[in-house]
There are 2 protein chains.
Amino acid sequence: MNDQFYMAQALRLAEQGLYSTHPNPRVGCVIVLDQQVVGEGWHRRAGEPHAEVHALKQAGRRAQGATAYVTLEPCSHHGLTPPCAEALVNAGVQRVVMAMQDPNPQVAGQGAALLRAQGIEVDILDGALSIAARQLNCGFIKRMEQGQPFVRLKLAMSLDGRVAMASGESQWITGVAARADVQKLRARSSAVITGADTVMTDNARLTVRAEELPLSAEQKNLALLRPPLRVLIDGRLRVPTDAPFFMAGPVLVATYQTPPTDTASIDYIQLPERNGHVDLTVLLQKLAALGMNELMIEAGPQLAGAFMQAGLVDELYIYMAGMLLGSSAQPLMQLPVDYMADAVQLNIKEVRALANDWRIIAQPVKR
Amino acid sequence: MNDQFYMAQALRLAEQGLYSTHPNPRVGCVIVLDQQVVGEGWHRRAGEPHAEVHALKQAGRRAQGATAYVTLEPCSHHGLTPPCAEALVNAGVQRVVMAMQDPNPQVAGQGAALLRAQGIEVDILDGALSIAARQLNCGFIKRMEQGQPFVRLKLAMSLDGRVAMASGESQWITGVAARADVQKLRARSSAVITGADTVMTDNARLTVRAEELPLSAEQKNLALLRPPLRVLIDGRLRVPTDAPFFMAGPVLVATYQTPPTDTASIDYIQLPERNGHVDLTVLLQKLAALGMNELMIEAGPQLAGAFMQAGLVDELYIYMAGMLLGSSAQPLMQLPVDYMADAVQLNIKEVRALANDWRIIAQPVKR
């Protein structure tokens, strides 16, 4: 078996942490001695041991002379846990293969340098597995590299690109499988962002619901220990503080007005106004500073369009139902475009059936 | 090898006639003696021999005691060619397997009866191959069974369900692969229907263009011998008779006004008015009476919506481009729906990538 084989295994381990490592990255580790896997580990949640530590513990003395496959460069700094690079050295590992460098430009390469200084052979893979390793931590990487979270815009539409009737009449248009997928998307996100209209019109709560989350018992338990922060964009503070949304757990309200002082149980963040909304770019920077890796927007056409127009969307998750809501129904998003030349170009990454519905993943082509 | 194996082969032969048998059905035939294929044939074009005759000719004396696999019940009547059932009897075939009965209720079963009367064993398959045989001749079958053609509505849209800018600005939004697929769709159709706006605004000609048709030389030559009739729906006779559309070949103009008498080179059909258009249901009946099996609608949002609202569309072919044209752009079709309960439900049959675009085939659920 070659490096790619074991790194793929490490990646599958890392994916186990998809719903729980926030604000940390998802990391997996496999330790191989004489073509035998002697240790496996993945990072479960912040404050608990890193993937390497789990794998080294399992390997025990068989780590001596072994090769460690890690999906991300081992850390070299003392954070909540001691540096993993040191742990690998102390365990007598002979070679370390990583799928990508640490994305934090301040520390990238330091883990590898520490290992090499101790005579350990270090290889960094490129190619498909390196790309997969980056995708797995798209949010953590973007936050480290750019100080911004990775933003997913989730939409549910009819085949003709409509989301609700003109009257506002609305209901689930996608089926159970699509909704379960949305639950997974919420659970993996550091925060879910919505707007006042969605909360008031649809009585949305945007929580992760254990009974609708199609995960293994272990992943589900971990996910529920770390629900995504629910962020309400409510520039004019229109949503009454006794709305069901506020009853369902912690909320951060982003507003351009002065927050009330009599609501101790709700967190507020006051931001500049821009184009009738809170300044979305500033909001994202603030959320990144709070450790938010992946954001998911679940909002109506107005707010969804505002994020899109501001060029802040990294990925669209569109759930498409087999129906036509017709030409008078509400558009996918408020996005005024006058000329063909100004159309938003998309890379469609994947189209997949979810029972009777279809999920389209697309990325706006940045200009 | 079993019956299904040879029938699948006969179906592949029948598909060779996809672009040329109009107004006849596509039919294939395989003759098998002692587990050996001794004859193959497919119907090429009206007036030429039927599939069975080609296959019997190739089999020669080896047809004696053989089994014939035919995708459609052999004809028992004298049309442009002598009845195939008689030909099979005369050749000494011992058994005939067919994928479906003749769809014409007046003659269904007569071919099989004629064969059985001569001591030939006859089997009619059901299951997947029978369904495939019906799909291959969806238009012919619907015309025979219901006196209506099979209607395909072709649309090209952005991911957000828009077809052109509000100003009318428009251009190809799909790529070369999607356009080649549209050429094949045109070529297999008995007629292509369009409206005055499309012809005047886009200067559309809606012809089959040899250089854009991705077929084998033989199929292409056959297809070009039988181009689809171009039908222009122009209730008020707005399109000038010197438009490029009229220069590109035969046209049938459907109008509710009195046709001019000074345009000998253009055929007109005068129909009742209904909802501001010619009566579309009557038009389709007239086209079926002219032998039209499969119709393809290539029109703007108004006419496309009119066909949809009238419940006359059997299948949607939607070519979806990876772009957003935005909320002020023109809708997929004019289809006013006020209540969710009145949404048009669709069965999405297939979603397929065509280079960077996607093709969605969907069928409206008839209520």
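Model, not experiment: these values are computed from the prediction. (Residues numbered from 1 in each chain as written. Chains lettered and ligands numbered in written order. Predicted model: local features only at pLDDT ≥ 70, side-chain atom pairs only at ≥ 80, totals over all residues. Heavy atoms only, no water.)

(A) Main features of the overall build of chain A. Counting its secondary structure elements, chain A contains twelve helices and 19 strands. Here the C-alpha radius of gyration of chain A, 22 Å, is about what a compact globule of 367 residues would show, namely 21 Å. Based on the C-alpha atoms only, the size of chain A along its principal axes is roughly 70 × 45 × 40 Å. Look at the contacts in chain A between residues 6 or more apart in sequence, and 69% of them connect residues 24 or more apart. When the accessible surface of chain A is split by element, carbon and sulfur atoms take 47% of a total near 15,500 Å². Here chain A carries 33 positive and 35 negative side-chain charges, and the mean point of each set is 2 Å from the other. (Helix = DSSP H or I, 4+ residues; strand = E, 2+ residues; numbered from the N terminus. Rg over C-alpha atoms; globule rule 2.2 N^0.38 Å. Contact = heavy atoms within 4.5 Å. Areas by Shrake-Rupley, 256 points an atom, 1.4 Å probe, with all protein chains shown as cover. Lys, Arg positive; Asp, Glu negative; His and termini not counted. Charge placed at Lys NZ, Arg CZ, Asp CG, Glu CD.)

(B) Examining the sheet that holds strand β6 (residues 150-158) of chain A more closely. The strand order across the open sheet formed by ten strands is β11(A)-β10(A)-β9(A)-β8(A)-β14(A)-β6(A)-β15(A)-β19(A)-β18(A)-β16(B), and the pairing between neighbours is mixed. Whereas interior strands pair on both sides, the edge strands pair on one side only; in this sheet they are β11 (267-270) of chain A together with β16 (323-324) of chain B. Note that strand β18 (residues 344-354) of chain A and β16 of chain B share two bridges and pair antiparallel. Of the residues in β16 of chain B, the one forming a bridge with Q345 of chain A is M323 of chain B. The strands that helix α6 (residues 138-146) of chain A touches are β6 and β14 (294-297) of chain A; relative to β6 of chain A, the one it contacts most, it runs at about 135 degrees. (Pairing = 2+ DSSP bridges. Axes fitted to C-alpha atoms, helices over the stretch in contact; angles between N-to-C directions.)

(C) Molecular detail of the relation of the copies chain B and chain A. Between chain B and chain A, which share one sequence, the superposing operator has a rotation angle of 180 degrees and an axial displacement of 0.0 Å; the RMSD is 0.0 Å. Viewed as a symmetry operation, the transformation between the two copies matches a two-fold axis. Rotation axis and chain B: the residue whose C-alpha lies nearest the axis is G161 of chain B, separated from it by 2.3 Å. When the interface residues of chain B are mapped onto chain A, 100% of them are again interface residues, pointing to one common binding face. (Least-squares fit on C-alpha atoms with pLDDT ≥ 70 in both.)

(D) Expanded view of the pattern of salt bridges. The final tally for this structure, using the stated rule, is 42 salt bridges over all chains. Note that R188 of chain B and E294 of chain B form a salt bridge whose closest N and O atoms lie 2.9 Å from each other. Of the two residues, R188 of chain B sits in helix α7 (residues 176-188) while E294 of chain B sits in strand β14 (residues 294-297), which places them 106 residues apart along the sequence. Each member of the pair, R188 of chain B as well as E294 of chain B, is classed as buried. Among the charged side chains, a salt-bridge network with shared partners connects R26, R152, R188, E294 and E315 of chain A. (Salt bridge = Lys/Arg side-chain N within 4 Å of Asp/Glu carboxyl O. Buried < 20%, exposed > 50% of the residue type's maximum accessible area, 1.4 Å probe, protein only.)

(E) Region of interest: the sheet that holds strand β2 (residues 36-42) of chain B. Residue and element names in this part refer to chain B. Strands sit in the order β2-β1-β3-β4-β5 across an open sheet of five strands; the sheet is mixed. Two strands close off the open sheet at either side, each with one partner strand: β2 and β5 (121-124). Neighbour to neighbour, the strand axes of the sheet diverge by 15 degrees on average, direction disregarded. Alignment of strand β1 (residues 28-33) against strand β3 (residues 67-70), held across four bridges, turns out to be antiparallel. When the bridges of β3 are listed, I31 appears paired with A68. Across the sheet, helix α2 (residues 51-59) touches β1, β2 and β3, and the angle it forms with β2 is around 145 degrees.

(F) Region of interest: the packing of helix α5 (residues 128-136) of chain B against helix α6 (residues 138-146) of chain B. All names here are of chain B. Here α5 crosses α6 at 80 degrees, and the two axes come no closer than 5 Å. One finds that α5 runs roughly perpendicular with respect to α6. On α6, the residues that touch R134, Q135 and L136 of α5 are C138, I141 and E145. (Parallel < 35°, antiparallel > 145°, perpendicular 65-115°, else oblique.)

(G) Geometry of the interface of chain B and chain A. Counting from both sides, the interface comprises 40 residues of chain B and, opposite them, 40 residues of chain A. Summing both partners gives a buried area of about 3,400 Å² for chain B against chain A, and 68% of it is carried by carbon and sulfur. For the chain B face of the interface with chain A, the top three residues by lost area are L159, L324 and M340 of chain B, together amounting to 23%. In this assembly, chain B and chain A are joined by zero salt bridges. Here chain B and chain A share twelve residue pairs in polar contact (both at pLDDT 80 or more) between them. Broken down by secondary-structure element, the contributors of at least two residues to the side of chain B that touches chain A are β15 (315-321), β16, β18 (344-354) and β19 (357-364) of chain B. Broken down by element, the side of chain B that touches chain A gets its largest block of residues, five residues, from β18 of chain B. Class assignment for the residues of the side of chain B that touches chain A results in 26 nonpolar, ten polar and four charged. (Buried area = accessible area lost by both parts, 1.4 Å probe. Polar contact = N/O pair within 3.5 Å; in protein donor to acceptor, adjacent residues only side chain to side chain. Nonpolar A, V, L, I, M, F, W, Y, C, P; charged D, E, K, R; others polar.)

(H) Up close: the packing of helix α1 (residues 3-15) of chain B against α5 of chain B. Residue and element names in this part refer to chain B. The contact between α1 and α5 brings their axes to 10 Å, and the two run at 10 degrees. Judged by the inter-axis angle, α1 sits roughly parallel to α5. Contact residues: α1 offers Q4, M7, A8, L11, A14 and E15, while α5 offers L129, A132, A133 and L136. The class makeup of the residues in the contact of α1 with α5 is eight nonpolar, one polar and one charged.

(I) Molecular detail of the pairing of strand β4 (residues 95-98) of chain A. Residues and elements named next belong to chain A. What you see with β4 is no split at all: R95 and V97 on one side and V96 and M98 on the other are buried throughout. For strand β3 (residues 67-70) and β4, the ladder comprises four bridges, and the chain directions are parallel. Counted as the bridge partner of Y69 is V97 from β4. Alignment of β4 against strand β5 (residues 121-124), held across four bridges, turns out to be parallel. Considered in β5, the bridge of V97 is made with D123.

(J) Examining the pairing of strand β9 (residues 229-233) of chain B more closely. All names here are of chain B. Among the five residues of β9, four are classified as buried, and the element is accordingly described as predominantly covered. Sheet topology note: the strand β8 (residues 191-195)/β9 ladder contains five bridges and is parallel. Bridging across to β9, V192 finds its partner in R230. In this sheet, strand β10 (residues 251-255) lies alongside β9 in parallel orientation, the contact comprising four bridges. Looking at the pairing, I233 lines up with A254 of β10.

(K) Highlighting the side chain of R230 of chain B. Residues and elements named next belong to chain B. Mapped onto the secondary structure, R230 falls in strand β9. No salt bridge forms around the buried R230; measuring N to O, its nearest opposite-charge neighbour E298 is 9.8 Å away. Those residues in contact with R230 that sit more than four places away from it in its chain are V192, R205, L206, T207, F245, A248, G249, P250, V251 and L252.

(L) Looking closely at the side chain of R152 of chain B. Assignment of secondary structure puts R152 of chain B in strand β6 (residues 150-158). Apart from the residues within four sequence positions on either side, R152 of chain B is in contact with C138, L185, R188, E294, L295, M296, I297, E315 and Y317 of chain B.

(M) Region of interest: the environment of I31 of chain B. Residue and element names in this part refer to chain B. Relative to the helices and strands, I31 is located in strand β1. Taking relative accessible area as the criterion, I31 reaches 0% and is therefore assigned buried. A C-alpha to C-alpha distance of 9.1 Å links I31 and Q58, two positions 27 residues apart in sequence. In contact with I31, not counting residues within four places along its chain, are Q36, V37, V38, G39, A55, L56, A59, A63, A66, T67 and A68.

(N) Structural detail: the environment of R186 of chain A. Residue and element names in this part refer to chain A. Within the secondary structure, R186 is located in helix α7 (residues 176-188). Look at R186 and you get buried, because its relative accessible area is 5%. With 108 residues separating them in the primary sequence, R186 and E294 have C-alpha atoms 9.6 Å apart. Excluding its chain neighbours within four sequence positions, the residues that come into contact with R186 are V192, L206, T207, V208, R209, P228, M296 and E298.

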